[in-house]
Structure formats: C-alpha cells, structure tokens
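Letter by letter, the chains look like this.
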Amino acid sequence: VNGTAYLTTNAGKLYAVTGNVTTEPTQPSEPAITVGSGEDADHRTIQAAIANASATDTVEVRPGTYDEDLTLNKNIVVAAPSGATLAGSLTTSRGNFIVRNLSIRGGVDASYAGGGWELRNSTVNGTVDAYRAKGTWRIRNSTVDGGVNARDTDGKWHISNSTVEGEVDAYD
C-alpha cells in the first residue's frame, strides 16, 4: 500500500501506518497436520489432509511422491520442509494459502481465482495459469518451467527471485 494502511493487532489496538506498506499472510498455528506413508502420519494423501484442515492450519507433507491432483481453497499452508513431489496438478478458485517447498509436476490452475495465494520455494513443471485471477498472488524463490498466464488479472501479483522459463503473458 502506498499511503495509509490501518492495522489492527491481536489485542484489538488500531494503528495507522503511512508510506509504503507490505503485508505478509498470517503464519498458521502449530502443530501441523502430517501427510506421509509412515504410520505416524495423520493422512496418506495431501488432499485428505487439506479436507480435514481448518483455517490457519499447516499441512506438512513429508518427503515422497504423491500421485494426486489437489484442489486448495482454504486459508492454510501446505509445506514440505524436506521437499516432496506432487505428481498431479494444483487447482484453486479461492482462499489465502501458501505452498512451500513442493515440486508440482502438473501445473497450477488459478484462473478466475479470488483471494491471495503464494508459491514459495517451489518448482512447477508446467504453467501457472492465473487468467482473470482476483486478489494478490505471489511466486517467490521458485521455478516455473511452462510460463505464467497473468492476462486480465484483477489485483496485484508479484514474481520475485524466481525463474520463469517460457512466456509471462500479462496483457489486459
């Protein structure tokens, strides 16, 4: 925000901040909902963990390859601290979520998506399609090898410290 932003703390105090203000998504609560093949994991699939997650939860994906397609429309974090591979694709239409340290082989479909989302420290083997997406979305410290479609996006988007192979299509 360039100007004045009004921030409310957890204690309910209201502050006015002027100048250039950048906000980060709220970090989720712990402990994480775990996904993996071991008996100590809460779920065997990422989608099952997402379905059982509540707002601000973290879904921790343990190392491995997960052969599934994901739909992510919740305000959560999906993190693979030691890395993991999604052999399918990720689709979203809403939600404020963060995906960290995940290799996504099938691309990301966020076309017409509302809300804010972020890919961080991730690899996408395919296209990130954000055609006509609304809200703020980010790709940080990531690699996208099939290009990014940001055409007719209504909102702010950022690609930083990332490599995009292919076209970044951003005309209105």
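Keep in mind it's a predicted model, so treat the numbers as computed, not measured. What you see as residue numbers is a count from 1 along each chain, following the sequence as written. Side-chain atom pairs in this predicted model are given and counted only at pLDDT of 80 or more, local residue features only at pLDDT of at least 70, and totals for whole chains, interfaces and linings cover all residues. As a convention, hydrogens and water are excluded, and side-chain values are obtained from all of the structure's heavy atoms.

Caption draft 1: Region of interest: the overall build of the protein chain. Along the backbone of the protein chain there are one helix and 19 strands. Any two residues whose heavy atoms approach within 4.5 Å at even a single point are treated as in contact. When contacts within the protein chain are restricted to residue pairs at least 6 apart in sequence, long-range pairs at least 24 apart make up 11% of them. Each accessible area is a Shrake-Rupley estimate made with a 1.4 Å probe; only the visible protein chains count as cover when residues are assessed. Surface exposure of the protein chain reaches about 8,900 Å², of which carbon and sulfur atoms provide 45%. Only runs of H or I of at least four residues qualify as helices and only runs of E of at least two qualify as strands under DSSP, and these elements are numbered from the N terminus.

Caption draft 2: Looking closely at the nonpolar core. Ile 46, Val 78, Trp 117, Leu 119 and Val 128 are the most contacted members of the largest nonpolar core, which has 35 residues in total. Contributing elements (two or more residues each) for this core: strand 3 (33–35), helix 1 (46–52), strand 4 (58–61), strand 7 (77–86), strand 9 (97–104), strand 11 (117–120) and strand 14 (137–140). Residue contacts for Ile 46: discarding those within four places in its chain leaves Val 35, Val 61, Tyr 66, Glu 68, Leu 70, Val 78 and Leu 86. Buried residues of nine kinds, namely Ala, Val, Leu, Ile, Met, Phe, Trp, Tyr and Cys, make up a nonpolar core once their side-chain atoms join them within 4.5 Å. Only protein chains enter the accessibility calculation, which uses a 1.4 Å probe; a residue whose area is less than 20% of its type maximum is buried, one above 50% is exposed, and one in between is partly exposed.

Caption draft 3: Spotlight on the pairing of strand 9. In terms of burial, strand 9 is a largely internal element, six of the eight residues being buried. Think of it this way: DSSP has to see at least two bridges between two strands before they count as a pair. With four bridges joining them, strand 9 and strand 11 adopt parallel strand pairing. Considered in strand 11, the bridge of Phe 97 is made with Trp 117. Sheet topology places strand 9 next to strand 12 (residues 123–124); two bridges connect them, and they run parallel. Its bridge partner being in strand 12, Ile 104 is matched across the sheet by Val 124.

Caption draft 4: Here's a closer look at the packing of aromatic side chains. Each Phe, Tyr or Trp ring, with Trp reduced to its six-membered ring, pairs with another whose centre is within 6.5 Å; inter-plane angles below 30 degrees give stacked pairs, above 60 give edge-to-face pairs, and intermediate values give tilted ones. For the structure shown, the criterion picks out four aromatic pairs. Here Phe 97 and Trp 117 contribute two aromatic rings whose centre-to-centre distance is 6.4 Å and whose plane-to-plane angle is 15°, an arrangement assigned as stacked. Of this pair, Phe 97 sits in strand 9 while Trp 117 sits in strand 11; the two residues are 20 residues apart in sequence, bridging distant segments of the chain. Taken as a pair, Phe 97 and Trp 117 share a single burial class, namely buried. Here a set of aromatic residues connected by ring pairs shows up, and it is made of Phe 97, Trp 117, Trp 137 and Trp 157.

Caption draft 5: Structural detail: the environment of Asn 101. Relative to the elements of secondary structure, Asn 101 occurs in strand 9. The class of Asn 101 is partly exposed, set by a relative accessible area of 24%. On a C-alpha basis, the gap between Asn 101 and Ala 79 in space is 6.2 Å, while along the polypeptide they are 22 residues apart. In this structure Asn 101 touches Ala 80, Pro 81, Gly 83, Ala 84, Arg 120, Asn 121 and Ser 122, once residues within four positions along its chain are discounted.

Caption draft 6: Spotlight on the sheet that holds strand 10 (residues 108–109). Pairing is parallel in the open sheet, where six strands are placed in the order 6-8-10-13-16-19. Single-partner strands in this sheet number two, and they are strand 6 (70–71) and strand 19 (168–169).

Caption draft 7: Just the pairing of strand 4, in detail. For strand 3 and strand 4, the ladder comprises three bridges, and the chain directions are parallel. Within strand 4, the residue paired with Val 35 across the bridge is Val 61. The handedness rule is simple: strands pointing away from the viewer, and a clockwise path from the first strand over the helix to the second, make the crossover right-handed. As for the winding sense of the linkage, the β-α-β connection from strand 3 through helix 1 to strand 4 is right-handed. Bridge count for strand 4 against strand 7 is three bridges, and the pairing is parallel. Paired with Glu 60 across the strands is Ala 79, a residue of strand 7.

Caption draft 8: Seen up close, the pattern of salt bridges. Salt bridge criterion: a side-chain nitrogen from Lys or Arg within 4 Å of a carboxyl oxygen from Asp or Glu. Taken as a whole and assessed by the stated rule, the structure comprises six salt bridges. Asp 40 serves as the salt-bridge partner of Arg 62, at 3.0 Å between the closest nitrogen and oxygen. With Arg 62 in the loop between strand 4 and strand 5 (65–66) and Asp 40 in the loop between strand 3 and helix 1, the pair connects residues that are 22 residues apart, well separated along the chain. Notably, a salt bridge pairs Arg 140 with Glu 118, separated by 3.8 Å at the nearest N-O pair. With Arg 140 in strand 14 and Glu 118 in strand 11, this pair connects stretches of sequence that are 22 residues apart.

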